[in-house]
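Working through the structure, step by step
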Protein chains: 2
Amino acid sequence: MALKTLVNRFKVLFFLFFVVRFHNSVQGRLLSSESKPHRNDAAAYARWLVSQNSWGVLNTISSELGGAPFGNVVSFSDGLPNEGSGIPYFYLTTLDPTASNALKDQRSSLTISEYPLGTCGKRDPENPACAKITLTGKLVVLDNKSEEAELAKSVLFSKHPEMKGWPKDHNFWFFKLEIEDIFMINWFGGPKPLTVDEYLHYKSNNLAFELLDTI
Amino acid sequence: MALKTLVNRFKVLFFLFFVVRFHNSVQGRLLSSESKPHRNDAAAYARWLVSQNSWGVLNTISSELGGAPFGNVVSFSDGLPNEGSGIPYFYLTTLDPTASNALKDQRSSLTISEYPLGTCGKRDPENPACAKITLTGKLVVLDNKSEEAELAKSVLFSKHPEMKGWPKDHNFWFFKLEIEDIFMINWFGGPKPLTVDEYLHYKSNNLAFELLDTI
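The structure presented is a predicted model; accordingly, all values stated were derived computationally and were not measured.

So, how was this worked out
- Residues numbered from 1 in each chain as written.
- Chains lettered and ligands numbered in written order.
- Predicted model: local features only at pLDDT ≥ 70, side-chain atom pairs only at ≥ 80, totals over all residues.
- Heavy atoms only, no water.
- Disulfide = S-S within 2.5 Å.
- Helix = DSSP H or I, 4+ residues; strand = E, 2+ residues; numbered from the N terminus.
- Buried < 20%, exposed > 50% of the residue type's maximum accessible area, 1.4 Å probe, protein only.
- Salt bridge = Lys/Arg side-chain N within 4 Å of Asp/Glu carboxyl O.
- Least-squares fit on C-alpha atoms with pLDDT ≥ 70 in both.
- Contact = heavy atoms within 4.5 Å.
- Pairing = 2+ DSSP bridges.
- Phe/Tyr/Trp six-rings, centres within 6.5 Å; stacked < 30°, edge-to-face > 60°.
- Lys NZ or Arg CZ within 6 Å of the ring centre and 35° of its normal.

Right, let's talk about the state of the cysteines for a bit. All names here are of chain A. For the structure on display, the rule yields two disulfides over all chains. Each sulfur in the disulfide pair C120 and C130 lies 2.0 Å from the other. When the S-S torsion is 80 degrees, as for the bridge of C120 with C130, the disulfide is right-handed. One end of the pair, C120, is in the loop between β4 (107–113) and β5 (132–141); the other, C130, is in the loop between β4 and β5, and ten residues separate them in sequence. Judged by relative accessible area, which is 1%, C130 ranks as buried.

Moving on to the pattern of salt bridges. All names here are of chain A. Evaluation of the coordinates by the stated rule reveals ten salt bridges over all chains. With its nearest N and O atoms 2.9 Å apart, the salt bridge here joins E148 to K176. Within this pair, whereas E148 is found in helix α4 (residues 147–159), its partner K176 is found in strand β6 (residues 172–185), the two being separated by 28 residues in sequence.

Put simply, the second copy of the chain is the first one after a rotation about an axis and a shift along it. The operation relating chain B to chain A is a screw motion whose rotation component is 180 degrees, with 0.0 Å of axial translation and a residual RMSD of 0.0 Å. Taken together, the turn and the small shift mark the pair as related by a two-fold rotation axis. Residues of chain B ranked by C-alpha distance from the rotation axis are headed by B:P69, positioned 2.5 Å from it. Both copies share a contact surface, since 100% of the interface residues of chain B are interface residues in chain A too.

What follows is about the pairing of strand β6 (residues 172–185) of chain B. Residue and element names in this part refer to chain B. The element β6 is largely enclosed, with a buried count of ten among its 14 residues. For strand β3 (residues 89–93) and β6, the ladder comprises five bridges, and the chain directions are antiparallel. Residue pairing across strands places F90 opposite F175, the latter belonging to β6. Note: strand β5 (residues 132–141) against β6, ten bridges, orientation antiparallel. Its bridge partner being in β6, I133 is matched across the sheet by M184.

To continue, consider the pairing of strand β4 (residues 107–113) of chain B. All names here are of chain B. Burial runs high along β4: six of the seven residues are buried. Where β4 meets β5, seven bridges bridge the pair, whose relative direction is antiparallel. Bridging across to β5, R107 finds its partner in K138.

A few words now on the packing of aromatic side chains. All names here are of chain A. Within the structure shown, the criterion is met by 23 aromatic pairs over all chains. Look at F76 and F90: their rings are 6.5 Å apart centre to centre, the planes differ by 55 degrees, and that puts the pair in the tilted class. One end of the pair, F76, is in the loop between β2 (68–75) and β3 (89–93); the other, F90, is in strand β3, with 14 residues separating them in the sequence. For F90, a relative accessible area of 0% translates into the label buried. These aromatic residues form a ring-pair network of at least three members: Y91, F157, W166, F172 and F174. The side chain of R47 reaches across the aromatic face of Y199, ending 5.7 Å from its centre.

See below:
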């Protein structure tokens, strides 16, 4: 590596030291799927998993099927990648069982795998080192005239532009998952301890290291 | 195309006509993810989706989380691709909530998406033309000394070779999903009508056309 490059890197590091020191609440917007968080930083890892993925399986209780847990493939968004809030929003039609189940019984979970991101290497999808997360809580419909419905529309339509053209007469509604419990495995040794509060209020303070990856 | 090639193709077609005519119960072992079944052949499509995928989300009722539906990323196998039985088998540890939930309440579903197969083109994962299937039923543990446990081991370990090395002292058991209901969307217009019987007893009679794809 040329000396000039080294000096430039040092300057950047020095600058970033101050950026991070005085702005350590800055959201981690520079993570990429290549620079996933360290597995021991449970909140960062969970937020990265939710942010990077665009789809998962949304589970509800099916009254039609004797109260069975009913999983359904859905798209979701918590914001643009690395700009998310951690809260998953959905655009669901009541023509589908999931939305109509949730209107009767809000108990729900959203399950996401790291596997389709392609960052698990050659590991099996069930290998604990290939991360998975299940957010359990209440699936609630949003009032179409609320500010939060506008937010949901914005984060969903920016990540899933195709949704803009979905038929207006198909009874689509915006929903969100109000998270009450987090189950995440991203390494051996069982689920990572992680509270909903830690997850929702996560702010990256690793900006310097993340930025360095991009230099 | 050379005349010789054309003649050879004709010979193969002629031969296959008889193969198909007299052996139309032969399993469709030659489908590839590139030659997915026609969307109107619901049984073929469902079996292809289950056969081609190696992982999905397995949902159980969580007594620990107030009876919430709890989805979990798992690997499964119904046999080698295009050689499957349609019955999903699992290798689950009771250290994980899913297996222990199932031992208390067998109600379960397995949800699989076509999206990670890469055959949905540019469609959104929630677009009805990007297929999804949910098999609902009972998640039952197999007696380790039974013939079916041997079968489960064989179909799982051949598709997921890494499982052979998973720790023997981690209380892994073989499970299967006894399917009672099938929900599949693979195009616009709502779920495809498909009975469990049609699904389980599906036999491809399109061998000629499938073989032709490989010539």
